[in-house]
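Architecture and fold: a report
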Amino acid sequence: MIGSSFTILLAPVSPSPFLSFNRLSHFHHSAVSTSDLFRATSKRLALATKTQSISTMANTNEENCGNLKKQLAKLFEASLRETVPSEPDVEPLVAACTAKFGDYQCNYAMSLWSKIKGKNSEFKGPPAVGQAVMRNLPPSEMIESCSVAGPGFVNIVLSKSWLAEKIQKMLVAGIDTWAPKISVKRAVVDFSSPNIAKEMHVGHLRSTIIGDTLARMLEFSKVDVLRRNHVGDWGTQFGMLIEFLFEKFPNFEDVNERAIGDLQAFYKASKQRFDAESAFKERAQKAVVRLKGGEPKYRQAWVKICDISRKEFDKVYQCLGVHLEEKGESFYNPFFPGVIEALSNQGLVQESEGARVIFIEGINIPLIVVKSDGGYNYASTDLTALWYRLNEEKAERIIYVTDVGQQQHFDMVFKAAKRAGWLPAGDRMFPKASHVGFGLVLGDDGKRFRTRATEVVRLVDLLDEAKTRSKAALVERGKTEEWTEEELEQTAEAIGYGAIKYADLKNNRLTNYTFNYDQMLNDKGNTAVYLLYAHARICSIIKKSGKDIEELKKTGVLALGHPDERALGLHLLQFAETVEEACTNLLPNVLCEYLYNLSEYFTKFYSNCQVVGSAEETSRLLLCEATAVVMRKCFFLLGIVPVYKI
Ligand code: ARG
C-alpha cells in the first residue's frame, strides 16, 4: 500500500482556501513559513544534541518498586563499585534464571575478568571475582541467600517473606504501583492508518491490535501517548472518486453511506471508469487540481468521501475498543514547502531525474521527497509528519506500526531525519523513532488470508464471526439458561474479540501467523479463551470461599510456604519487569508469554495447594486475588476485556 501505489499530491498547497472551510478542522493551521520552520528546526537541533544515552527506556533513578531486576541491579552496582573501583563503567547485568541455584543471576564475572586481568592482582580468575562481588553485596532484605557457580556466576535466591510482603503491598496499593517507570514523557504511536475509500484489510487489523497494546503499555507507564491514525486521505485517486461522486449523485451533499453502500465497490467502479474512458480521466485529473486549489465544492466532496470511510473504520475500532486520534496525510500538506525548503537549505536535497531526492548512505535508491511533477508522495508526508511530531508535538518516542514490507521506507525516512539532525545518530538516544513491523496474516492454505478465493475480508465481518462462534459455544454450554441476554452478548464479545487479539499478539510480531477460528477459540492451549476461563475460575474460587477479599487484604497475611506458592509469587513479582521489557523492545508477545505462564503457575499451585477450607485459606485467597489482579492488568494491556463468570 505504500509509495508507488499511493502517491500524494502535487505542488505546494495554498492554505487560505482551507480556512474558509470550517468542516476541515484540521486545516486550521496556517501555512508554516520557512523562517518559523527554521527556528523550530534549530530549536530541535539544540534538543537533539542534548539527547541522553540510555540502556533501556526506563529510568533507573526513580524507585522501581515492582521491578526485581532493577532492584537487584542496584545492589550489584554498589558491589561492583566496591569490588572493582577502577572500572566505573561496568554495568550490572541481572537476569532471571531458571536454574535450580537461584531466582536471578548476575554473570559478568567473565567479562569483568577480561578487563581487569593483568591490572589487578587481587583476583586469580573469574570465580574469585564472582566471590568478591557476592561478598560485597550490600545487605538487603530481599535476598535470602547467594552463591557463586561455574566461572563466577552469582546466583541469588530471593527471600520468601520479602516476596510475600511485596505482593501484599501491591494488593493494598494497587497494581499501578508496579507500572514501569519510563523516562519518556510523550510518545506518538502511529498505528492502524487505513486508506480512505480503500479496503481496510487484515494488515490494518494487525496494526490496530499491536499498536493499541503498545499504546496501552506506554500509557500504563505514565507516558503521554498520542494515538495517531495516519489515514491515507490524500492523493490523486480523490480526483477520480470526486468526479464519480458528482456523476452518480448530482446532489452529492445529500449522499450518505447508505446511498453509496460499499465505498470499496464505489472505488472499484470509479477506477474502472478512469481506466476505460479518457474524457472521465481528464475530468478526474482536473478535479485533483481543483481539490488541491481548495475549491469548495471539491473540498466538500472530499470531506464527504472521507466521512463515509471514517464511519466504516469506526465500526472496527468500536468492536475492538480501540481509541485513535486521526491526523491523516492531508494534515501535513501546509507543512511540506517549509520542511522541504529547510532540508534543501541544509544541502540534503538533490536533483535526480527531475525529482528532488535525499541520498542515504548504504541504500542504493534515494528517498524521493518531491516527485518530478512537483508533487509530494508517501515519503514526503512521512518526513514532514516526523518533523511535526518532533517539533510541534514534542514527542521523544515515535513508533510506527505497519507490515514489515514498509521497513525500508521507514529506515530511509529515519536516516534522512538523522542526516538532517532531527534525530540523534545513536540508536540508544532520544528522541527515537522506531518501526514496529509485523508479518502477514495467512489462511489455512498458507497463503494471504482471504475468506473466499478472490474476495477480500471485510474486517467487521471477520470480527463478527468470532463473536458469533464464541456465542454459539456459550449457548451450547447451556449459558442461555444461566445468564441474561446481555451477559451472553458481552461474554461472547469479550471472548470472540479477545481471541482474535490474543492470537495475533502471542506470536513474535515479525512472523506470519495463521488465522484460524477453531484454534483461537479453543478453550485449551495458549488461547485467550483458556486464559479468560482461568481468570474466571480464580474469581469463582474467591467467591466460593464466602470471604470478603477487601477485608482480607487489610487483615490477612500472605505467606509463600509451599514451593508452588513461592513459584507463583515470584512470577507475580516479575510482572513489572516483563511489561517494561515488552514496552522497551516493543514486543507484545513477551507479555502474552508471561500471562500464559502465570496461568500455568496458578494451575500448579491450585492442584497442589488446597485453598478453601485449608489452614492457609486466608493467605491462599490473597494469592488467588493477586493472580487475578495481575491477570486482569495483562488483559487490559493486551486490550482484552476480562470475564468473571464461566
Ligand atoms: N496508510 C498506510 C498503509 O495502508 C499506512 C500508514 C502508516 N503510517 C505512516 N506514517 N506511514 O499502508
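All of the points below concern the structure found in this document. For clarity, every value in this text was computed on a predicted model and none was experimentally measured.

1. So, the pattern of salt bridges
Counted according to the given criterion, the structure contains 43 salt bridges. Residues Arg283 and Glu243 are paired through a salt bridge, measuring 3.2 Å at the closest nitrogen-oxygen approach. Here Arg283, found in helix H11 (residues 278–292), pairs with Glu243, found in helix H8 (residues 237–248); they are 40 residues apart in sequence, far enough to count as distant. You can call Glu243 buried: its relative accessible area is 9%. Among the ionic pairs, Glu625 bridges to Lys553, the shortest N-O distance being 3.8 Å. With Glu625 in helix H25 (residues 617–637) and Lys553 in helix H21 (residues 549–555), the pair connects residues that are 72 residues apart, well separated along the chain. By the burial criterion, Glu625 is buried, and Lys553 matches it.

2. With respect to the site of the ligand
Taken together, 12 residues are adjacent to the ligand, and Asp190, Asn195, His204, Tyr378 and Asp382 come closest. In this structure, Asp190 approaches the ligand through a side-chain N or O atom, which is 2.7 Å from a nitrogen atom. Between His204 and the ligand, the recorded distance is 2.8 Å, taken from a side-chain N or O atom to an oxygen atom. Here the ligand has 350 Å² of accessible area as a free molecule, and 97% of this is covered by the chains. If you list the elements that add at least two residues to the shell around the ligand, you get helix H14 (378–391) and strand E11 (397–403).

3. Re the pairing of strand E9 (residues 355–358)
Sheet analysis places strand E8 (residues 349–352) next to E9, joined by 4 bridges and oriented antiparallel. The residue of E9 that forms the bridge with Ser352 is Ala355. The antiparallel pairing of E8 with E9 creates a hairpin that spans 2 residues between the two strands, and Glu353 there sits at a positive phi of about 50 degrees. As judged from the 3 bridges shared by E9 and strand E10 (residues 367–370), these two strands associate in the antiparallel manner. Counterpart to Ile358 in the pairing with E10 is Leu367.

What counts and what doesn't
Residues numbered from 1 in each chain as written. Predicted model: local features only at pLDDT ≥ 70, side-chain atom pairs only at ≥ 80, totals over all residues. Heavy atoms only, no water. Salt bridge = Lys/Arg side-chain N within 4 Å of Asp/Glu carboxyl O. Helix = DSSP H or I, 4+ residues; strand = E, 2+ residues; numbered from the N terminus. Buried < 20%, exposed > 50% of the residue type's maximum accessible area, 1.4 Å probe, protein only. Near = heavy atom within 4 Å. Polar contact = N/O pair within 3.5 Å; in protein donor to acceptor, adjacent residues only side chain to side chain. Areas by Shrake-Rupley, 256 points an atom, 1.4 Å probe, with all protein chains shown as cover. Pairing = 2+ DSSP bridges.

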